[in-house]
Amino acid sequence: MSKRPRSRTAAATGASGARCTVTVCRGCCCGTPAKVTRLDHEAQLTDLRTALAAVAMVRRTGCLNACERANVVVIQPSAEGRRAGGRPVWLGEVNDPGATADIAAWVAEGGPGLAEPPGVLDFYTFQPSRRVGAELHDE
């Protein structure tokens with residue numbers, strides 16, 4: 001069974017609850033040149049917002065308490081993706097434009113539950129502690 005969205009138009013034009021949410025950590029370590037020197041952090045956030053404007057909400061957040069994995073990006077499934085079994089995907093060490101582009105392409109295809117992520121994202125995926133994961137959902 002394909003994990004492609006049934007209707008890209010529906011995914012792109014749905015209410016905010018029907019869209020994926022991409023949370024980009026910009027707390028104490030993520031997004032700071034002192035921790036990750038080789039990346040233009042603001043450009044990364046701008047690139048995600050530009051690429052996903054029609055299909056996902058991209059938000060900046062404070063520290064997600066996974067500082068050892070800076071920069072952290074969390075992809076939360078759309079309502080349709082959650083119904084299809086998708087769960088939040090935590091990505092760490094997202095420190096190059098190629099990874100950002102892979103994330104944007106995956107989310108544009110539907111994200112968790114609706115589209116298979118590019119295989120390269122397996123290298124970035126990690127499981128946060130239960131406490132940290134719960135904090136993201138409480139915001």
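It should be noted that the structure appears before, not after, this text.
The structure presented is a predicted model; accordingly, all values stated were derived computationally and were not measured.

Calculation criteria
- Residues numbered from 1 in each chain as written.
- Predicted model: local features only at pLDDT ≥ 70, side-chain atom pairs only at ≥ 80, totals over all residues.
- Heavy atoms only, no water.
- Salt bridge = Lys/Arg side-chain N within 4 Å of Asp/Glu carboxyl O.
- Helix = DSSP H or I, 4+ residues; strand = E, 2+ residues; numbered from the N terminus.
- Pairing = 2+ DSSP bridges.
- Contact = heavy atoms within 4.5 Å.
- Axes fitted to C-alpha atoms, helices over the stretch in contact; angles between N-to-C directions.
- Disulfide = S-S within 2.5 Å.
- Buried < 20%, exposed > 50% of the residue type's maximum accessible area, 1.4 Å probe, protein only.
- Expected span 1.5 Å × (residues − 1).
- Arc of directions from axis to C-beta.
- Polar contact = N/O pair within 3.5 Å; in protein donor to acceptor, adjacent residues only side chain to side chain.
- Core = buried A, V, L, I, M, F, W, Y, C linked by side-chain atoms within 4.5 Å.

## Describing the pattern of salt bridges
Move 1: According to the stated counting rule, one finds one salt bridge in the structure shown.
Move 2: With its nearest N and O atoms 2.9 Å apart, the salt bridge here joins glutamate 42 to arginine 60. Here arginine 60 lies in strand 2 (residues 56-61) and glutamate 42 lies in helix 2 (residues 41-52), a separation of 18 residues in the sequence.

## A few points about the sheet that holds strand 1 (residues 20-25)
Through backbone hydrogen bonds, the strands of a sheet pair up, either in parallel or in antiparallel fashion.
Move 1: Read from one edge of the open sheet, five strands run 2-1-3-4-5, paired in mixed fashion. Both edges of this open sheet fall to strand 2 and strand 5 (125-126), since each of them pairs with a single strand only.
Move 2: Pairing analysis gives six bridges linking strand 1 to strand 2, with the strands arranged parallel. Residue pairing across strands places cysteine 25 opposite threonine 61, the latter belonging to strand 2.
Move 3: Helix 4 (residues 97-109) rests against strand 1, strand 2, strand 3 (73-76) and strand 4 (89-91) of the sheet, and its axis sits at about 10° to strand 3.

## Focus on the state of the cysteines
Throughout this description, disulfide means a covalent bond between two cysteine sulfur atoms.
Move 1: A complete count under the given rule lists zero disulfides for this structure.
Move 2: Unpaired in this structure, cysteine 29 has its nearest cysteine sulfur neighbour in cysteine 28, at a distance of 3.8 Å.
Move 3: Cysteine 29 gets classed as buried once you look at its relative accessible area, which sits at 17%.

## Quick look at the pairing of strand 3
Move 1: What you see with strand 3 is no split at all: Val73 and Ile75 on one side and Val74 and Gln76 on the other are buried throughout.
Move 2: Judged from the four bridges that link them, strand 1 and strand 3 form a sheet pairing that is antiparallel. Within strand 3, the position partnered with valine 22 by the bridge is isoleucine 75.

## Comments concerning the environment of valine 58
Move 1: Note that valine 58 resides in strand 2.
Move 2: Judged by relative accessible area, which is 13%, valine 58 ranks as buried.
Move 3: Taking C-alpha positions, valine 58 is 7.1 Å from leucine 48, a pair spaced 10 residues apart along the chain.
Move 4: Excluding its chain neighbours within four sequence positions, the residues that come into contact with valine 58 are Val22, Val24, Leu45, Leu48, Arg49 and Leu52.

## Let's talk about helix 4
Move 1: With 13 residues, helix 4 extends 18 Å from end C-alpha to end C-alpha; this agrees with the ideal 18 Å at 1.5 Å per step.
Move 2: Within the sequence span of helix 4, burial applies to Ala99, Thr100, Ile103, Ala104, Trp106 and Val107. Looking straight down helix 4, one finds its buried side chains confined to an arc of 165°; they lie on one side.
Move 3: The opening residue of helix 4, the one whose side-chain oxygen lies 3.0 Å from the backbone nitrogen of glycine 98, is aspartate 96.
Move 4: One or two positions beyond helix 4, positive phi appears at glycine 110, with a value near 135°.

## Some details on the environment of threonine 61
Move 1: Tracing the chain through its elements places threonine 61 in strand 2.
Move 2: As for threonine 61 and threonine 23, which are separated by 38 residues in sequence, their C-alpha atoms are 6.7 Å apart.

## Quick notes on the nonpolar core
A general trend in soluble globular proteins is that nonpolar side chains are found buried together.
Move 1: Val22, Leu48, Leu52, Ile75, Ile103 and Val107 are the most contacted members of the largest nonpolar core, which has 22 residues in total.
Move 2: Sorting the residues of this core by element identifies strand 1, helix 2, strand 2, strand 3, strand 4 and helix 4 as the ones contributing at least two each.
Move 3: Counting residues per element, this core draws most heavily on helix 4, at five residues.
Move 4: Setting aside chain neighbours within four positions, we find valine 107 in contact with Cys20, Val22, Leu52, Ala56 and Ile75.

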